[in-house]
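Descriptive analysis of the structure
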Amino acid sequence: MKDIFIMLAQRLSLGVVTLFVVSLIIFLGVSLLPGDAAQAMLGQSATPDTVAALRARMGLDQPGYIRYFTWLGGILQGDFGVSIANDREISDLLGWRFANTLFLALLAAVVSVPLALTLGILAALYRNSVYDRAVNVITLSSISTPEFFVAYILILVFAVQLGWFPSLANVGPDTLFFERVYACVLPAATLTLVVVAHMMRMTRAAIINLLASPYIEMAALKGIPRRHIIVRHALPNAWAPIINVIVINLAYLIVGVVVVEVVFVYPGLGQLLVDSVQRRDLPVVQACSLVFAATYVLLNLSADILSILTNPRLLHPK
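Below, the structure is looked at part by part. What you are looking at is a predicted structure, and each value in this text was computed from that prediction instead of being measured. For every chain, the first residue of the written sequence is number 1, and numbering continues from 1 onward in sequence order. Local features are withheld for residues below a pLDDT of 70 in this predicted model, meaning they are given only at 70 or higher, and side-chain atom pairs are given and counted only at 80 or more; totals for whole chains, interfaces and linings count all residues. Heavy atoms from the whole structure form the basis of all side-chain values; hydrogens and water molecules are not counted.

Attention shifts here to the overall build of the protein. From N to C terminus, the protein includes 15 helices and zero strands. Note on areas: these come from Shrake-Rupley sampling with a 1.4 Å probe, and a residue is covered only by the protein chains present in the view. Accessible surface, the protein as shown: approximately 17,200 Å² in total, 67% of it carbon and sulfur. Strands here mean DSSP runs of E at least two residues long; helices mean DSSP runs of H or I at least four residues long; both are numbered from the N terminus.

Printed below as a string of structure tokens:
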């Protein structure tokens, strides 16, 4: 137990350092964008006094290091600042949008995780069969296809030709649960098709690797059915890599939804990020980027912890 707490402290410390470095990269990346953000927002017809006033309001008249530490200090206190575009608290904008992104990611995960595990176990159970080869071809094709292309194909088939689902995922704070699910079917299906292939292939590889272990061969020599060997002996020992890839794909479902949200005009954090970039709303861009980075770091930390809890041998790499 002591080793686990030490590991947790090390991982948390590394996560904090990573977030600090990421916040610095985000701030520098936004600050080094070409052009004057105030001039771009006001247009070429703005007077110098108006531009100077907006620059002072955005803090662009201060040195970079002062702006960075002021921004970082506000975030540590839960204050992301105020949006330049609509003069609203950024935390209010992030709350509802991030909840929508989480809902879409969880909806895709509810479908993709059980589906990927089932396909991966069956592929390992019937290795080198017609089923295994067909699934491998389909999953490789799915991984190789860009998200936006998958999204447009789904819209063409299920929204335009069949008319089963809406092509735009228009949801609001007052949208009922089942109406929200219905509106998110096509975005969730797009994310599912993208991530299920990776999870399935990792599940298959982990189980096939364990099937070559001596204790698995001994179980087979005892006459235990192959299905029971995989479910009762191979799968429990394969949970560490499987959990790792599942959590990483969950991180992708949350962080990598930008393209999908833009295609379906879904009011999530990714759509807010794109809209803020177009408006040159730099505080919102920085806040969205940091939220995405923090989510990815936390989920990767969770993957490490769950992998070690399911396989304590990882505490002792020697």
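There is more to say, and it comes next.
A word on the nonpolar core. Core analysis: the largest hydrophobic core is formed by 43 residues, its most contacted members being Leu191, Ile246, Leu253, Phe264 and Tyr266. Looking at this core, the elements with two or more residues in it are helix H5 (90–125), helix H7 (147–161), helix H9 (185–211), helix H12 (239–255), helix H13 (258–263) and helix H15 (282–310). Here a residue-residue contact requires only that any non-hydrogen atoms of the pair lie within 4.5 Å. The contact partners of Phe264, leaving out residues within four places of it in the chain, are Ala151, Ile155, Ser167, Leu168, Ala169, Leu186, Pro187 and Thr190. By nonpolar core we mean a set of buried residues, namely Ala, Val, Leu, Ile, Met, Phe, Trp, Tyr and Cys, connected to one another through side-chain atoms within 4.5 Å. Three exposure classes are used, based on accessible area relative to the maximum for each residue type with a 1.4 Å probe and protein chains only: buried under 20%, partly exposed in between, and exposed over 50%. Counting 21 residues, the second largest nonpolar core, distinct from the first, contains Tyr68, Ile90, Leu94 and Leu272.

Turning next to the packing of aromatic side chains. The description of two aromatic rings rests on the distance between their centres and on the angle between their planes. The criterion for an aromatic pair is that two Phe, Tyr or Trp rings (for Trp, the six-membered ring) have centres within 6.5 Å, with stacked assigned to planes under 30 degrees apart, edge-to-face to planes over 60 apart and tilted to the rest. Tallied over the entire structure, the rule returns seven aromatic pairs. Judged by centre distance (5.9 Å) and plane angle (90°), the ring pair of Phe103 and Phe177 falls under edge-to-face. With Phe103 in helix H5 and Phe177 in helix H8 (residues 177–183), the pair connects residues that are 74 residues apart, well separated along the chain. Ring-pair connections join several aromatic residues into one group, and the members of that group are Phe20, Phe27, Tyr68 and Phe69.

Turning our eyes to something else, we now look at the packing of H7 against H9. In this description, a line fitted to the C-alpha atoms serves as the axis of each element, helices being fitted only across the stretch in contact, and the angle between N-to-C directions of two axes falls anywhere from 0 to 180 degrees. Two elements in contact, H7 and H9, have axes whose closest approach is 9 Å; the angle formed by their N-to-C orientations is 135°. Judged by the angle between their axes, H7 and H9 are oblique. For the pair H7 and H9, the crossing hand works out as right-handed. Counted together, Glu147, Val150, Ala151, Leu154, Ile155, Phe158 and Ala159 of H7 and Leu186, Ala189, Thr190, Leu193 and Val194 of H9 form the full contact between these two elements. Split into classes, the residues belonging to the contact of H7 with H9 amount to ten nonpolar, one polar and one charged. Roughly parallel refers to an angle under 35 degrees, roughly antiparallel to one over 145, roughly perpendicular to one between 65 and 115, and oblique to any angle outside these ranges. Definitions for this section: a left-handed crossing has its near helix turned counterclockwise from the far helix by less than a right angle. A right-handed crossing has that turn clockwise. Charged means Asp, Glu, Lys or Arg here, nonpolar means Ala, Val, Leu, Ile, Met, Phe, Trp, Tyr, Cys or Pro, and polar covers whatever is left, Gly included.

Quick look at a nonpolar patch on the surface now. A grouping of Phe148, Phe149, Tyr152, Ile153, Leu156, Val160 and Val259 is seen on the molecular surface, where their side chains present a nonpolar patch of about 650 Å² in accessible area. Among the elements that line the nonpolar patch, the one with the most residues is H7, at six residues. On the secondary structure map, Val160 appears in helix H7. In this scheme, patches are assembled from residues that exceed 30% relative accessible area and form no salt bridge. Like charges are connected within 9 Å, while nonpolar side chains (Val, Leu, Ile, Met, Phe, Trp, Tyr) are connected within 5 Å. Salt bridges are counted wherever a side-chain nitrogen of Lys or Arg sits within 4 Å of a carboxyl oxygen of Asp or Glu.

Moving on, we get to the packing of helix H6 (residues 130–144) against H9. Across the interface, H6 lies against H9 with an axial gap of 8 Å and an inter-helix angle of 135°. Of the possible angle classes, the one that applies to H6 and H9 is oblique. As for the relative orientation of H6 and H9, their crossing is left-handed in sense. Judged by residue contacts, Asp132, Val135, Asn136, Thr139, Leu140, Ser142 and Ile143 of H6 engage Leu193, Val194, Ala197, His198, Met200, Arg201 and Arg204 from H9. Of the residues in the contact of H6 with H9, the class split is seven nonpolar, four polar and three charged.

To continue, consider H9. An ideal rise of 1.5 Å per residue puts 39 Å on 27 residues; H9 measures up with 37 Å between its terminal C-alpha atoms. We define the bend at each residue as the angle formed by axes fitted to the 7 residues ending at it and the 7 residues starting at it. Remark: the principal bend of H9, roughly 30°, maps to Val195. Across the 27 residues of H9, 19 count as buried, placing the element largely inside the fold. An expected span of 1.5 Å times one less than the residue number is assigned to each helix.

A word on helix H14 (residues 269–279). Listing the buried residues of H14 in full gives Leu269, Gly270, Gln271, Leu272, Leu273, Asp275 and Ser276. Just beyond H14, the residue with positive phi is Arg280, at close to 60°.

The next thing to look at is the side chain of Thr192. Inspection of the secondary structure assignment puts Thr192 in helix H9. Thr192 sits in the buried class, given a relative accessible area of 8%. Leaving out residues up to four positions away in the same chain, Thr192 has contacts with Ala108, Val111 and Ser112.

Positionally, Gly120 belongs in helix H5. The spacing of Gly120 and Val196 is 76 residues in sequence and 9.7 Å in space, taken between C-alpha atoms. Residues within four places of Gly120 in sequence aside, it is in contact with Met200, Thr203 and Arg204.

Our next topic: the environment of Pro241. Within the secondary structure, Pro241 is located in helix H12. In this structure Pro241 comes out as partly exposed when scored by relative accessible area, which is 35%. The spatial distance from the C-alpha of Pro241 to the C-alpha of Ile207 is 9.8 Å, given a sequence separation of 34 residues.

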